[in-house]
Amino acid sequence: VQLQASGGGYAQPGGSLRLSCEASGSIERIDYMTWVRQAPGKERESVASVSSGGSTIYADSVKGRFTASRDNAKNTVYLQMTALKPEDTAVYYCYAMAQAAGRETQGYWGQGTQVTVSS
């Protein structure tokens, strides 16, 4: 299973960005898809998770500002980020618990996409 993230870039405080992460490969099933971020000098932080049924969990730091969604037909998870703050600056990674054909369910990481919030 490969995960390809896109949509990062620059935004001013108060602005918006939308991230996408598409899973590909011989996928039997994808359980949770999660966005994780890591800011310089800080530990990785789980930002938002979306279950296969569409249930979402958010970190307190992004509640009310970020919205995660998922298109199961496209094996894609999205992260709509609004009211961005400088402290949202980080590399954003997508992570999926998935089962590839002939394999056990395991976690897969995508490459990161940089989000920079600055005036």
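This text goes with the structure placed above it.
The model shown is predicted, which means the values in this text are computed figures rather than measured ones.

Conventions we followed
Residues numbered from 1 in each chain as written. Predicted model: local features only at pLDDT ≥ 70, side-chain atom pairs only at ≥ 80, totals over all residues. Heavy atoms only, no water. Pairing = 2+ DSSP bridges. Helix = DSSP H or I, 4+ residues; strand = E, 2+ residues; numbered from the N terminus. Axes fitted to C-alpha atoms, helices over the stretch in contact; angles between N-to-C directions. Buried < 20%, exposed > 50% of the residue type's maximum accessible area, 1.4 Å probe, protein only. Core = buried A, V, L, I, M, F, W, Y, C linked by side-chain atoms within 4.5 Å. Phe/Tyr/Trp six-rings, centres within 6.5 Å; stacked < 30°, edge-to-face > 60°. Lys NZ or Arg CZ within 6 Å of the ring centre and 35° of its normal. Disulfide = S-S within 2.5 Å.

Trainee: How would you summarise the sheet that holds strand β7 (residues 66-71) if you had to cite specific residues and measurements?
Mentor: Judged by pairing direction, the sheet is antiparallel, and its 4 strands sit side by side in the order β1-β3-β8-β7 without closing on themselves. The open sheet terminates on both sides in strands that have one partner only, identified here as β1 (2-6) and β7. Strand-to-strand twist in this sheet, taken as the mean axis angle between neighbours without regard to direction, amounts to 15°. In terms of strand pairing, β7 meets strand β8 (residues 76-81) through 6 bridges, oriented antiparallel. Looking across to β8, one finds that Asp 71 is bridged to Thr 76.

Trainee: I'd like a description of unusual backbone geometry, backed by residues and values.
Mentor: What is expected of a backbone is that most residues other than glycine have negative phi and most peptide bonds are trans. Backbone geometry places Asn 75, a non-glycine residue, at a positive phi of 50°. Phi at Ala 83 takes a positive value of approximately 50°, unusual for a residue other than glycine. Position of Ala 83 relative to the elements: it lies in the loop between β8 and β9 (90-100). On the basis of relative accessible area, Ala 83 is assigned to the partly exposed category, the value being 37%.

Trainee: Provide a residue-level description of the nonpolar core, including the pertinent values.
Mentor: Counting 32 residues, the largest nonpolar core has Leu 3, Trp 35, Val 47, Phe 66, Leu 79, Met 81 and Tyr 92 as its most contacted members. At the level of elements, β1, β3 (17-24), β4 (27-38), β5 (45-50), β7, β8, β9 and β11 (113-117) are the ones that each hand at least two residues to this core. No other element matches β9, which puts 6 residues into this core.

Trainee: How would you summarise the packing of aromatic side chains if you had to cite specific residues and measurements?
Mentor: The tally for this structure, following the rule as stated, stands at 2 aromatic pairs. With a centroid separation of 4.7 Å and 55° between ring planes, the pair formed by Tyr 95 and Trp 109 is classed as tilted. Residue Tyr 95 is located in strand β9, and its partner Trp 109 is located in strand β10 (residues 105-109); the two are separated by 14 residues in the primary sequence. Among the aromatic residues, those joined into a ring-pair cluster are Tyr 93, Tyr 95 and Trp 109. Sitting over the face of the ring of Tyr 93, Arg 44 holds its NZ or CZ atom 4.2 Å from the ring centroid. The ring centre of Trp 109 lies 4.6 Å from the NZ or CZ of Arg 44, which sits over that ring.

Trainee: Lay out the state of the cysteines with the relevant residues and their values.
Mentor: Under the definition given, this model contains 1 disulfide. In this model Cys 21 forms its disulfide with Cys 94; the gap between the sulfur atoms is 1.9 Å. Disulfide Cys 21-Cys 94: the torsion about the S-S bond is 50°, which places it as right-handed. Pair noted here: Cys 21 is in strand β3 and Cys 94 is in strand β9, with a separation of 73 residues, a long-range link. Assigned by exposure class, Cys 21 and Cys 94 land together as buried.

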